[in-house]
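# Topology and contacts: notes
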Amino acid sequence: MGDALLDPSYDGFQIAVAVVFALIAVSLALFFAFAARQAGREMSLEAVTEAAYRARPLWLAFLAIVLGTIVCVTLFFTPYRPDTAAASATVKVVGGQFYWTMDPKSVPAGSDVIFEVTAADVNHGFGVYNPTGQLIGNVQAMPGYTNDLELSLDEPGTYLVSCLEFCGLKHHDMAAEFEVTEE
Amino acid sequence: MESATATAPATGSIAHPDGERLMAPPDREARLVGWLCAGTGLALFAVMGLLGLTMRLTQAEVLGVSDEWFYRIMTLHGSGMLAGILLALMGGIWYVLKSVAELSFTRMLVSYAAMVLGAVVVLVSVVFGGFGAGWTFLSPLPFLPAEAWDTWAAAAYFIGLMLVGVSFLVFCIDVLTTLTRTYGGLSGALGVRFLRDRDDNPPPPQVIAATAVTAQGTLASAVGSTILIALLGKSIDSGVELDALWAKNLTYFFGHSYANLIIYLGAGMIYVLLPRYAGRQWKTTKPLAYGWLATLLLVTTAYGHHLYMDFVQPGAASVIATVSSSAAALPVAVVTVYTGVMLVWGSRYRWTLASVLIYLGFAGWTIGGVGAVIDSLIPINFRFHNTLWVPAHFHTYLMLGAVFWVMAFLVHMLERAAGRPASERVAKASVGAMVLGGYGLVGAWYASGALGVPRRYSVQPVDTEVYSAVASACVALFAVGFLLVLFEVGRLALAARGGAGRGSGAAAPPPIAGAAAAAGPAPARPALTSPLQIGTVVAIAVAASFALLPGISAATEGNVQMHHLAHAVQYLYGIALGIAFGSTPSIFRRLAPRWTGAAIAAGIIGSTAMLLAMVPAIYEPLQDDDVLHSLYHVGVVALGVITGFGAALLGPTTGKLLAVLSVGMGLMYAAGVTGG
Ligand code: HEM
Ligand SMILES: [Cu+2]
C-alpha cells in the first residue's frame with residue numbers, strides 16, 4: 001500500500017468506445033437542437049403525426065437490429081468460462097483491506113494466466129493495468145467465492161493491480177505490483 | 001381540430017392556448033403535494049450538490065478533505081440525492097394523477113414524512129456516526145469499517161434507507177391500489193385491456209406509467225427491505241452471516257430499480273406537463289402501452305449488469321441482463337422521447353423556463369441512456385466496470401434529465417400561479433450555464449472513465465487531477481445557473497403571492513374530452529374475489545400448516561437455512577389464513593375501504609417483523625423452553641395473519657402482490673442468511 005501508484009493511459013479500444021459515444025451524443029444534441037427549431041413552426045398535428053407514425057416502425061426496426069446485433073456479437077467476447085486447461089500459469093489472488101497478495105508475484109511474458117481471485121474480508125475489485133497504464137480487465141474479489149480471470153500477458157514489465165470495488169477508507173490506495181518477466 | 005384561440009384566457013403566454021384545456025386544474029391538495037415535494041427535493045439537491053462540488057474539489061486537490069470525510073460525503077451525497085429527487089418526482093406524478101384518480105392526501109403526507117425522516121436518519125448516521133460505506137452498502141463492508149464508524153451508525157443507516165423504502169412503498173401501494181380500482185384492475189390500468197381491444201376508453205398515459213412504476217417499485221421495495229432487514233439483523237447480532245453474492249444481487253436489484261424508477265416517474269409527469277406548452281394532447285396509444293409493459297419487465301431483469309464482473313454469477317443471468325439493458329432503451333427511444341419530440345414538432349411550442357427544461361430533460365435522458373447501454377455490453381464492461389464512466393452516465397440522466405424535470409415542475413407551478421412566465425433573459429442565462437456546466441461535469445467523467453480511472457477514489461491517479469479541476473469549474477458554472485433559477489423562482493413566488501395568478505379569475509376553459517375525466521373508483525373488492533380463489537388459498541394454508549408439525553419443525557432445527565425456510569412457510573400459512581378470512585364478503589364489507597391505511601401498515605409491519613424475528617439473538621434464547629419456542633412459531637403465524645388480513649383489504653391487485661411478495665421476502669431471506 002502506498003508505493004505502487006496508478007498512472008492510467010488510454011488504449012485504442014477505450015478511445016474507440018469514447019469516440020463512438022461522443023459521436024452519438026453529439027448527433028443527438030444536434031437532432032434535439034434541430035427539433036427545437038422545428039418546434040417554433042406551425043404545422044398541422046395530423047401531418048406531423050402521420051409522418052412520425054409512418055417512420056416509427058422503421059426506427060424501431062433499425063434500433064432493434066443495431067442493438068440486437070451488437071449484443072449478440074458481444075456475447076462471443078465475454079470473459080467468462082476461462083480455459084483453465086490451456087493456461088500456462090495460475091496466480092492465487094487475495095484482496096483484503098487494503099492490500100493484495102498474489103502468489104506467484106511474477107510470470108514470464110507470453111503466459112496465459114488464470115488469476116484465482118477471492119477476498120479476505122469485504123468485496124474488492126481486481127483491476128489490472130498493463131505497464132503502459134491501460135486497464136486491460138477486471139474481476140470482482142468476493143469473500144467466500146473465487147472468480148477465475150483469464151488474461152494473456154504478452155507485454156513484459158510491471159503491471160499494476162488497483163482496487164475497483166469500494167472497500168472503505170483506503171480503497172484508492174489499494175494497489176500492488178505484478179511482474180511479467182522477459183522471456 | 002376546432003380553433004381554441006378565441007377562448008384562450010389571458011394566461012396564453014405561459015401555456016399554449018390549447019394547453020389549458022389538456023389538463024384539469026390541479027386541486028389544492030395536488031398543489032400542496034407539488035410544492036412540498038418539489039421544494040424539499042430541490043433543497044436537498046442544492047445541499048447535496050455542494051457536497052458533490054466538495055468531492056470534486058478534493059479530487060482536484062484544491063480542498064484537503066480527509067479520506068474519512070470524503071467517503072462519508074460520498075455516501076451522504078448518493079443517498080441524499082436519490083431520496084430527494086425520488087421524493088420530488090413522486091410529488092410530480094401525484095400532481096398529475098390527482099385529477100384522474102382519487103389518491104389519498106393523508107397517505108401521501110405519511111410518505112413525505114417517512115422520506116424526510118429517512119433522510120434525517122441517514123444524515124445522523126453519516127455525520128455523527130461516521131458511516132461511509134457508499135450508498136450501495138455492499139455487505140460485509142458496513143461491518144468492517146476500518147475504524148471509520150461504529151456499528152450503530154451502520155444500523156442507523158439501514159434504518160434510514162428502510163424509511164426511504166417505506167416512504168416509496170406506501171406511495172406505490174396507495175397509487176397502485178387506487179389506479180387499479182379506478183381503471184378496471186391491473187390489466188385495465190396497465191393498458192393491457194386496451195391492447196386486447198377490450199377498452200375503447202384507455203386510461204390516460206400518466207396512469208399507465210404510474211401503474212408500471214408502482215408495480216415494479218413494490219417489488220423493488222420488497223427486495224430492498226429484505227436485504228436491509230438482514231443487514232440490520234447482522235448489526236444487532238454479529239453472528240448472522242450473509243452470503244456475499246446473495247447480498248450483492250439483492251442490493252443491486254433494489255438500487256438499480258430505485259435509481260431507474262426516478263426517471264420513469266418523471267416521464268409520467270412529463271406526459272401531462274409537456275402538452276400544456278405544445279397544445280397537443282399526449283394520447284394513450286398501443287405503442288405507449290406496449291412500451292410500459294416492456295419497461296416494467298426490463299427494469300426488473302436488467303439489474304444483473306451490476307454483476308457482470310462476478311464470474312460466479314450464473315452466465316444466464318448476465319445474458320438476460322445484457323439483452324434487457326439494451327432492450328430497455330427501445331421504449332424510451334421509440335415511444336416516450338419519440339412522441340415527446342413529435343408533439344413539440346411544428347406546434348409553436350411555448351418556450352418558457354419550465355418548457356425548456358422539460359425539453360432538455362429528453363436530451364439528458366437519451367444521452368445518459370446511450371452511455372448506459374454502452375457500459376452494459378459485457379466486453380466493454382470488462383474494461384469500464386466501476387470506472388468514472390458509471391457516475392458519468394447516471395449523472396447525465398439524473399442531473400441533466402430528472403433534476404431538470406424537477407426544476408421544470410416547480411417553475412411550471414410557479415408560472416401558473418404567477419400568471420406570467422419566468423423572465424426570458426434569466427431563463428436563457430440559467431439554462432445556458434446549467435447545460436454548459438452540467439455537460440462539462442459529465443464530459444470530464446466520461447473522458448476519465450474511458451481512461452480507466454476508478455470511481456470512488458478520494459485521491460485521483462497520477463496526472464488525472466486536471467479532470468477534477470475542470471469538472472469543479474463546470475460545477476461552479478452549473479451552480480450559477482441553478483442560483484439564477486432559484487432567483488427567478490423567488491420572483492415568481494412573490495408575483496404569485498401578489499395575487500396575479502389565475503385560478504381566482506377566469507373560469508377554466510372546458511377540458512378536451514378524455515383529458516381530465518376523473519373516473520370514480522369502482523366499489524372496493526377484496527384480494528380474493530371468488531370462492532374458488534378462497535378455496536385455493538385455504539388449500540395452500542392446509543399444505544403449509546405441515547410446517548408447524550412438531551416432527552417437521554424439529555427436523556429443520558439442525559440447518560439454519562432450512563429453519564428459516566420453515567419460518568417462511570409458517571408465515572405463508574398465516575398469510576393464507578389472513579387473506580382468505582379478510583376476503584370473505586361479510587368481513588370485507590365491514591372493514592374496507594375505510595381501513596386502507598391500516599391495511600398498508602399491517603402489510604409493512606407484518607413482513608418487517610417476520611424477518612426481524614429471525615435474528616438469532618431474538619429467537620435462540622427461546623429455543624430452550626418448549627412453551628416459549630412454540631409461542632414463537634405461533635407468533636410467526638400471527639404476523640402472517642396480520643399481513644394477509646391487510647392484503648385482503650387492499651384489493652385484487654395490490655393485495656395479491658403484497659401477499660406474494662411478503663412470502664417472497666421470507667424465502668429470499670432463507671436463501672441467503674445463515675449463522676447464529
Ligand atoms: C451538482 C451536481 C452534482 C455534483 C457536483 C455531483 C458530484 C458527485 C461526485 C464527485 C461523486 C463521486 C464520484 C466518484 O468519484 O465516484 C458523485 C457520486 C454520486 N452522485 Fe452526484 N453529483 C451531482 C448531482 C447528482 C444528482 C442530481 C444525483 C442523483 C439524483 C447524484 C447521485 C449520485 C450518486 C448516487 C453517486 C454515487 C455515490 C456512491 O458512489 O456511493 N449526484 N456525485
Ligand atoms: Cu477497494
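Residues numbered from 1 in each chain as written. Chains lettered and ligands numbered in written order. Predicted model: local features only at pLDDT ≥ 70, side-chain atom pairs only at ≥ 80, totals over all residues. Heavy atoms only, no water.

### Some thoughts on the interface of chain A and chain B
Taken together, the contact between chain A and chain B spans 78 residues of the former and 87 residues of the latter. Around 7,200 Å² of area is buried between chain A and chain B when both sides are counted, 70% of it from carbon and sulfur atoms. Broken down residue by residue, the surface that chain A buries against chain B is led by A:Phe21, A:Tyr80 and A:Phe166, which jointly contribute 11%. Linking chain A with chain B are four salt bridges. A salt bridge links B:Arg348 to A:Glu42, with the shortest nitrogen-to-oxygen separation between them at 4.0 Å. Summed over the shared surface of chain A and chain B, the number is 40 residue pairs in polar contact (both at pLDDT 80 or more). The set of elements that each furnish at least two residues to the side of chain A that touches chain B consists of α1 (12-39), α2 (45-74), β6 (135-141), β7 (147-153) and β8 (157-163) of chain A. (Contact = heavy atoms within 4.5 Å. Buried area = accessible area lost by both parts, 1.4 Å probe. Salt bridge = Lys/Arg side-chain N within 4 Å of Asp/Glu carboxyl O. Polar contact = N/O pair within 3.5 Å; in protein donor to acceptor, adjacent residues only side chain to side chain. Helix = DSSP H or I, 4+ residues; strand = E, 2+ residues; numbered from the N terminus.)

### Focus: the domain arrangement of chain B
Residues and elements named next belong to chain B. The domains assigned to chain B are domain 1 (28-497) and domain 2 (531-675). Domain 1 and domain 2 are separated by 33 Å when their C-alpha centres are compared. Taken together, the contact pairs 33 residues of domain 1 with 25 residues of domain 2. Viewed at the interface, domain 2 and domain 1 are joined by zero salt bridges. There are five residue pairs in polar contact (both at pLDDT 80 or more) connecting domain 1 and domain 2. Elements with a minimum of two residues in the side of domain 1 that touches domain 2: α4 (151-182), α5 (185-189), α7 (205-236), β1 (240-242) and α8 (244-278). Among the elements that take part in the side of domain 1 that touches domain 2, α7 stands out by supplying 12 residues, more than any other. (Domains from an automatic or database assignment.)

### Description of the coordination of the copper ion (ligand 2)
Each donor-metal-donor angle in an ideal tetrahedron of four donors is 109.5 degrees, and each such angle in an ideal octahedron of six donors is either 90 or 180 degrees. Residues and elements named next belong to chain A. Protein coordination at the copper ion (ligand 2) comes from Cys163 (SG), Glu165 (O), Cys167 (SG) and His171 (ND1), with a distance range of 2.1 to 2.6 Å. For the copper ion (ligand 2), the four donor atoms in the first shell make angles of 83 to 136 degrees at the metal, so the coordination geometry reads as irregular. Donor residues binding the copper ion (ligand 2) come from one chain and are separated in sequence as C-x1-E-x1-C-x3-H. Each member of the pair, glutamate 165 as well as cysteine 167, is classed as buried. (Donors = N, O, S within 2.8 Å, 3.2 Å for Na, K, Ca; no water. Tetrahedral: all angles 85-135°; square planar, octahedral: opposite > 155°, others 65-115°. Buried < 20%, exposed > 50% of the residue type's maximum accessible area, 1.4 Å probe, protein only.)

### Focus on the packing of helix α17 (residues 531-545) of chain B against helix α19 (residues 560-583) of chain B
How two helices pack is summed up by the angle between their axes together with the distance between the axes. Residue and element names in this part refer to chain B. One can describe the packing of α17 onto α19 by two numbers: an axis separation of 8 Å at closest approach and a directional angle of 155 degrees. The orientation of α17 relative to α19 falls into the category roughly antiparallel. Judged by the sense of rotation from one axis to the other, the crossing of α17 with α19 is left-handed. Mapping the contact onto sequence places Ile534, Val537, Val538, Ile540, Ala541, Ala544 and Ser545 in α17 and Val569, Leu572, Tyr573, Ala576, Leu577, Ile579, Ala580 and Ser583 in α19. Residues belonging to the contact of α17 with α19 are distributed by class as follows: 13 nonpolar, two polar and no charged. (Axes fitted to C-alpha atoms, helices over the stretch in contact; angles between N-to-C directions. Parallel < 35°, antiparallel > 145°, perpendicular 65-115°, else oblique. Left-handed = near helix turned anticlockwise from the far one by under 90°. Nonpolar A, V, L, I, M, F, W, Y, C, P; charged D, E, K, R; others polar.)

### With respect to the site of ligand 1
Residues and elements named next belong to chain B. By nearness alone, 25 residues border ligand 1, and Gln59, His77, His395, Arg455 and Arg456 come closest of all. One of the side-chain N or O atoms of histidine 77 is found 2.7 Å from a nitrogen atom in ligand 1. The separation between a nitrogen atom of ligand 1 and a polar side-chain atom of histidine 395 is 2.8 Å. Those elements that place two or more of their residues in the shell around ligand 1 are α1 (28-59), α2 (67-97) and α14 (389-418). When residues in the shell around ligand 1 are grouped by element, the largest group, seven residues, is from α1. (Near = heavy atom within 4 Å.)

### Focus: the sheet that holds β8(A)
Residues and elements named next belong to chain A. In space, the five strands of this open sheet follow the order β3-β9-β8-β5-β6, with mixed pairing throughout. This sheet does not close on itself; its edge strands, each paired only once, are β3 (106-108) and β6. Sheet twist, expressed as the average angle between the axes of neighbouring strands with direction ignored, equals 25 degrees. (Pairing = 2+ DSSP bridges.)

### Here's the deal with α17(B)
Residue and element names in this part refer to chain B. In a regular helix each residue adds 1.5 Å, so 15 residues correspond to 21 Å; α17 covers 21 Å between its end C-alpha atoms and thus fits that length. Buried within α17 are the following residues: Ile534, Val537, Ala541 and Ala544. Seen end-on, α17 carries its buried residues on one side only, within an arc spanning 85 degrees. Exposed residues pointing more than 90 degrees away from the buried face of α17 are listed as Pro531 and Leu532. Its buried side turned inward, α17 meets α19. (Expected span 1.5 Å × (residues − 1). Arc of directions from axis to C-beta.)

### Some details on the coordination of the iron atom of ligand 1
All names here are of chain B. The coordination sphere of the iron atom of ligand 1 contains the protein donors His77 (NE2) and His395 (NE2), at a distance range of 2.0 Å. Coordination geometry of the iron atom of ligand 1: the six donor atoms subtend angles of 87 to 179 degrees at the metal centre, consistent with an arrangement described as octahedral. Of this pair, histidine 77 sits in helix α2 while histidine 395 sits in helix α14; the two residues are 318 residues apart in sequence, bridging distant segments of the chain. Histidine 395 shares its class with histidine 77; the two are buried.

### Focus: the sheet that holds β7(A)
Residues and elements named next belong to chain A. What the four strands build is an open sheet, ordered β2-β1-β4-β7; its pairing is mixed. A strand with exactly one partner marks an edge of an open sheet, and here the two such strands are β2 (99-103) and β7. Sheet twist, expressed as the mean angle between neighbouring strand axes with direction ignored, is 25 degrees. Here seven bridges tie strand β1 (residues 89-96) to strand β4 (residues 111-119), and the two strands are oriented parallel to one another. From the neighbouring strand, threonine 90 faces β4, where its bridge partner is isoleucine 114.

### Regarding the side chain of B:His385
Tracing the sequence through the fold places B:His385 in the loop between α13 (378-384) and α14. Since its relative accessible area comes to 7%, B:His385 is described here as buried. With near-sequence residues (within four places) excluded, B:His385 lies in contact with A:Asn138, A:Gln140, A:Leu164, B:His306, B:Met309 and B:Asp375.

### A short note on the domain arrangement of chain A
Residue and element names in this part refer to chain A. Taken domain by domain, chain A comprises domain 1 (2-77) and domain 2 (89-181). Computed over C-alpha atoms, the centres of domain 1 and domain 2 are 34 Å apart. Each partner contributes to the interface: domain 1 provides 10 residues, whereas domain 2 provides 11 residues. Regarding the contact of domain 1 and domain 2, the summed buried area is about 760 Å², with carbon and sulfur atoms giving 50% of it.

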